[in-house]
Amino acid sequence: MQTATVGLIKAVDKFDPERGVEFAAYAIPTIIGEIKRHFRDRTWDIRVPRRLQELRLSISEATSTLLQTLGRSPTVADIAGHIGITEEEVLEGLEGARAYNAVSLSMPTSDGDRATELGDMLGSEDGEFELAELRVALGPAMAALDQREQKILTLRFYGNMTQSQIADQIGVSQMHVSRLLARALAKLRGHLGEEAA
């Protein structure tokens, strides 16, 4: 109603009685045009360029016409040939048409026996990718350490042993293991820093 009123106001402002046209004949197309513009520009859930909005309408009309003419669902090639555009443009228009009605990420979906939300099915960034690079760089960095340093680091971080347990196993004091561990980690960080640079 508001949009039609805006169209009526525009018709009143732009009407020229000197042209010899009735006001109703001028106002009705102006009001209808304003309403069409409103629906074209305001009813999309996600804003897409006007070209895609108009392409969606052309594809929709062509699909209806071809469905009746062909007696089957038209292919992308059929639609492209009917409208006179490329298949890639048809695909772009179909993709853009998906923005007309957005789907909530909270929408329930059925995944076999259990129901889940659409948002739960979307992937997320996997933090393990960064660690994979570090693991690849760790091999050469570990190889740069001497045998005892490698053994201490392996027992501490892969064997989950305490410094006292490592000291008992290699035959030194816990304090010495602490110093060796600190020195080995410093060498390792230095080597990994060089790799990153």
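Everything discussed here concerns the structure shown above.
Quantities reported herein were computed from a predicted structural model and do not represent experimental measurements.

Enquirer: Break down the overall build of the protein chain for me, citing the residues and quoting the values.
Expert: If you tally the helices and strands in the protein chain, you get nine helices and two strands. Starting at the N terminus, the α and β elements of the protein chain follow one another as α-α-α-α-α-β-β-α-α-α-α. Taken over the C-alpha trace, the protein chain has a radius of gyration of 35 Å; the compact-globule value for 197 residues is 16 Å, which it surpasses by more than 25%. Judged by the C-alpha coordinates and their principal axes, the protein chain covers about 110 × 45 × 40 Å. The buried share of the protein chain, taken over its 197 residues, is 22%. Residue pairs in contact within the protein chain that sit at least 24 positions apart in sequence constitute 42% of those at least 6 positions apart.

Enquirer: Help me get a handle on helix 3 (residues 50-70), residues and values and all.
Expert: In this model helix 3 runs 29 Å from its N-terminal to its C-terminal C-alpha over 21 residues, within 8% of the 30 Å that 1.5 Å per residue would give. Inspection of helix 3 places Leu-52, Gln-53, Leu-55, Ile-59, Ala-62 and Leu-66 among the buried residues, and these make up the whole buried set. Phi turns positive, to about 75°, at Gly-71, one or two residues after helix 3.

Reading the values: rules and limits
- Starting from 1, residues in each chain are numbered consecutively following that chain's sequence as written.
- It should be noted that, the model being predicted, local features are given only for residues of pLDDT at least 70 and side-chain atom pairs only at 80 or more, the latter also being counted only at that level, while totals for whole chains, interfaces and linings use all residues.
- In computing side-chain properties, one takes all heavy atoms of the structure into account and sets aside hydrogens as well as water.
- A run of H or I in DSSP becomes a helix once it reaches four residues, and a run of E becomes a strand once it reaches two; helices and strands are each numbered from the N terminus.
- Our radius of gyration looks at C-alpha atoms and nothing else; its globule reference is 2.2 Å times the residue count to the power 0.38.
- Throughout, exposure labels follow a simple rule: accessible area from a 1.4 Å probe, protein chains only, divided by the maximum for the residue type, with under 20% read as buried, over 50% as exposed, and the rest as partly exposed.
- Contact criterion: two residues are considered in contact whenever any of their non-hydrogen atoms come within 4.5 Å of each other.
- In this scheme, a helix's expected span is set at 1.5 Å multiplied by one less than its residue total.

As far as function goes, none of this settles anything; it's purely spatial.
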